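Next come the chains, spelled out residue by residue.
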Amino acid sequence: MQFVPIESYLGKPSTQGKEYNINYSLVTRKEDARCEEEDVSKQEEDGDRPEKVMIWEKMEKEEKKKVWEPLSETFNVAGQEITIKLALDSYGALIWPAARALCEYLENNKEEIDMMDKAVLEIGAGTGLVSIVSCLLGAWVTASDLSDVLGNLRYNLSKNTRGRCRYTPQVAAMAWGHNLQRNFPHSVFRYDYVLAADVVYHHDCLDELLVTMEHFCRPGTTLIWANKVRFECDHTFIQRFKDAFDTTVLAEVPEEEIIIFKATFKTNWD
Ligand SMILES: C[S@@+](CC[C@H](N)C(=O)[O-])C[C@H]1O[C@@H](n2cnc3c(N)ncnc32)[C@H](O)[C@@H]1O
């Protein structure tokens, strides 16, 4: 699989219509700490070097040692402050641009997309921002993702919804296209809304993603998919998505190349 730097996916964060702050934390990486130990013993050997030079070198080393990593982001949505804990170890540990755009859309279009008392499933929920906003808007939410990102997802959901929402959000492990009928049979799992933000990017599971969308987008379900269009292959997926469902464009953020689609079960197959 070709390596594409994560920054090229994320693009520039939007500040339009929403207040948000990124809190950074100063962290010292383990390797740097090890270097420092080694350097200290080396400095002991350099007993006859001028003190000024040594202080300057130490300051330089201290600066190099500093790595600023985002720890959390704070949003004000639906009259509530939301704090999302981030990490840098997976795609699901950051908030992606389409998630911000979708939250903004849901908050500003409550009449059109009425979340109150609705059953909502988010696929590829990541840090959980979209699920949290849906909860705050009154929905009964299940946030799903691969099992290795569920810890952070669960933490964010619990921290931001406890005592504030009509329903306690659920978390579910889901690998797209795997055991869907066994783990989420149609007879039991029926959702009013299925939400997906930035789930199409450079990965090998696009077929499985479409299968998952088809599994959950049954008659009576509305699928809302927000995506930043990045690569040529995204257009191929958009075409397959349009072929699979009845679709309309709900909103576009042209400066960020984000499109928010609404899809329903296809009734008229040509
Ligand atoms: C780019 S991130 C977007 C996260 C979040 N929706 C957002 O917009 O901030 C894509 C998400 O899809 C999840 N994902 C990727 N491949 C998956 C798969 N095969 N099955 C289930 N989830 C997957 C990742 O774990 C990640 O949380």
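Structure: see above.
Residues numbered from 1 in each chain as written. Predicted model: local features only at pLDDT ≥ 70, side-chain atom pairs only at ≥ 80, totals over all residues. Heavy atoms only, no water.

Overview of the overall build of the chain
Okay, so step 1: Check the secondary structure of the chain and you find nine helices and 10 strands.
Okay, so step 2: For the chain, buried positions account for 47% of its 270 residues.
Okay, so step 3: Relative to all contacts within the chain whose residues are 6 or more apart in sequence, the contacts with residues 24 or more apart total 70%.
Okay, so step 4: As displayed, the chain offers around 14700 Å² of accessible surface, 50% of which is attributable to carbon and sulfur atoms. (Helix = DSSP H or I, 4+ residues; strand = E, 2+ residues; numbered from the N terminus. Buried < 20%, exposed > 50% of the residue type's maximum accessible area, 1.4 Å probe, protein only. Contact = heavy atoms within 4.5 Å. Areas by Shrake-Rupley, 256 points an atom, 1.4 Å probe, with all protein chains shown as cover.)

Side note on the side chain of Thr142
Okay, so step 1: Following the sequence through the fold, Thr142 ends up in strand β5 (residues 140-145).
Okay, so step 2: Once residues lying within four places of it in the same chain are set aside, the contact partners of Thr142 are Val120, Leu121, Glu122, Gln170, Ala172 and Tyr191.

Section: the sheet that holds strand β6 (residues 170-173)
Okay, so step 1: Strand order in the open sheet formed by seven strands is β6-β5-β4-β7-β8-β10-β9, and the pairing between neighbours is mixed. Only two strands of the sheet have a single partner each, and these edge strands are β6 and β9 (245-253). Strand-to-strand twist across the sheet, computed as the mean angle between neighbouring axes with direction ignored, equals 20°.
Okay, so step 2: Taken together, the four bridges between strand β4 (residues 119-123) and β5 define a ladder with parallel strand orientation. Bridge assignment links Leu121 to a residue of β5, and that residue is Thr142.
Okay, so step 3: Relative to β9, helix α9 (residues 232-244) is tilted by about 135°, and along the sheet it contacts β8 (222-228), β9 and β10 (258-265). (Pairing = 2+ DSSP bridges. Axes fitted to C-alpha atoms, helices over the stretch in contact; angles between N-to-C directions.)

A closer look at empty space enclosed by the protein
Okay, so step 1: Within the structure shown, the criterion is met by one cavity of 30 Å³ or more.
Okay, so step 2: Volume-wise, the largest cavity comes out at about 30 Å³. (1 Å grid on protein atoms, 1.4 Å probe; cavity = no way out; pocket = protein on both sides within 12 Å on 5 of 7 lines; lining within 4 Å. Points joined across faces, edges and corners; volume = space filled by probe spheres on them.)

Looking at the packing of helix α5 (residues 129-136) against helix α6 (residues 150-161)
Okay, so step 1: Relative orientation of the contacting elements α5 and α6 amounts to 25°, with a least axis distance of 10 Å. In terms of their interaxial angle, α5 and α6 are classed as roughly parallel. As α5 packs across α6, the resulting crossing turns out to be right-handed. Contacts between α5 and α6 pair Ser131, Ile132, Cys135 and Leu136 from the former with Asn156, Leu157, Asn160 and Thr161 from the latter.
Okay, so step 2: Residues belonging to the contact of α5 with α6 are distributed by class as follows: four nonpolar, four polar and no charged. (Parallel < 35°, antiparallel > 145°, perpendicular 65-115°, else oblique. Left-handed = near helix turned anticlockwise from the far one by under 90°. Nonpolar A, V, L, I, M, F, W, Y, C, P; charged D, E, K, R; others polar.)

Focus on the pattern of salt bridges
Okay, so step 1: One pass over the structure, following the stated rule, counts six salt bridges.
Okay, so step 2: Of the charged contacts, one joins Glu73 and Arg100 as a salt bridge, the two residues approaching to 3.0 Å between their closest N and O atoms. With Glu73 in strand β2 (residues 66-77) and Arg100 in helix α4 (residues 97-108), this residue pair connects regions lying 27 residues apart in the sequence.
Okay, so step 3: Note that Arg240 and Asp207 form a salt bridge whose closest N and O atoms lie 2.9 Å from each other. On the criterion of sequence distance, the pair formed by Arg240 in helix α9 and Asp207 in helix α8 (residues 206-216) is long-range, its members being 33 residues apart. (Salt bridge = Lys/Arg side-chain N within 4 Å of Asp/Glu carboxyl O.)

Quick word on the nonpolar core
Okay, so step 1: Counting 40 residues, the largest nonpolar core has Ile82, Leu102, Met115 and Leu195 as the members making the most contacts within it.
Okay, so step 2: When residues in this core are grouped by element, the largest group, seven residues, is from α4.
Okay, so step 3: The contact partners of Leu102, leaving out residues within four places of it in the chain, are Val130, Leu195, Ala196, Ala197, Ile224, Ala226 and Ile260. (Core = buried A, V, L, I, M, F, W, Y, C linked by side-chain atoms within 4.5 Å.)

With respect to the side chain of Glu122
Okay, so step 1: Its place among the elements puts Glu122 in strand β4.
Okay, so step 2: At a separation of 2.6 Å, a polar atom in the side chain of Glu122 contacts the side chain of Ser131.
Okay, so step 3: Not counting chain neighbours up to four residues away, the residues in contact with Glu122 comprise Val130, Ser131, Thr142, Ala143, Ser144 and Leu195. (Polar contact = N/O pair within 3.5 Å; in protein donor to acceptor, adjacent residues only side chain to side chain.)

Points about the environment of Lys85
Okay, so step 1: With respect to the element layout, Lys85 can be found in strand β3 (residues 80-85).
Okay, so step 2: On the basis of relative accessible area, Lys85 is assigned to the partly exposed category, the value being 37%.
Okay, so step 3: The spatial distance from the C-alpha of Lys85 to the C-alpha of Leu71 is 6.1 Å, given a sequence separation of 14 residues.
Okay, so step 4: For Lys85, the residues in contact, after removing those within four places along its chain, are Leu71, Ser72, Thr127, Asn152, Tyr155 and Asn156.

Some points on the site of the ligand
Okay, so step 1: Taken together, the neighbourhood of the ligand is formed by 19 residues, with Trp96, Gly124, Asp145, Trp176 and Ala197 sitting nearest.
Okay, so step 2: The contact in question runs from an oxygen atom of the ligand to an N or O atom on the backbone of Gly126, over 3.5 Å.
Okay, so step 3: Contacts to the ligand include Ala197, whose backbone N or O atom sits 2.8 Å from a nitrogen atom.
Okay, so step 4: Relative to its unbound accessible surface of 580 Å², the ligand loses 94% to contact with the protein.
Okay, so step 5: Counted by class, the shell around the ligand contains 13 nonpolar, three polar and three charged residues. (Near = heavy atom within 4 Å.)

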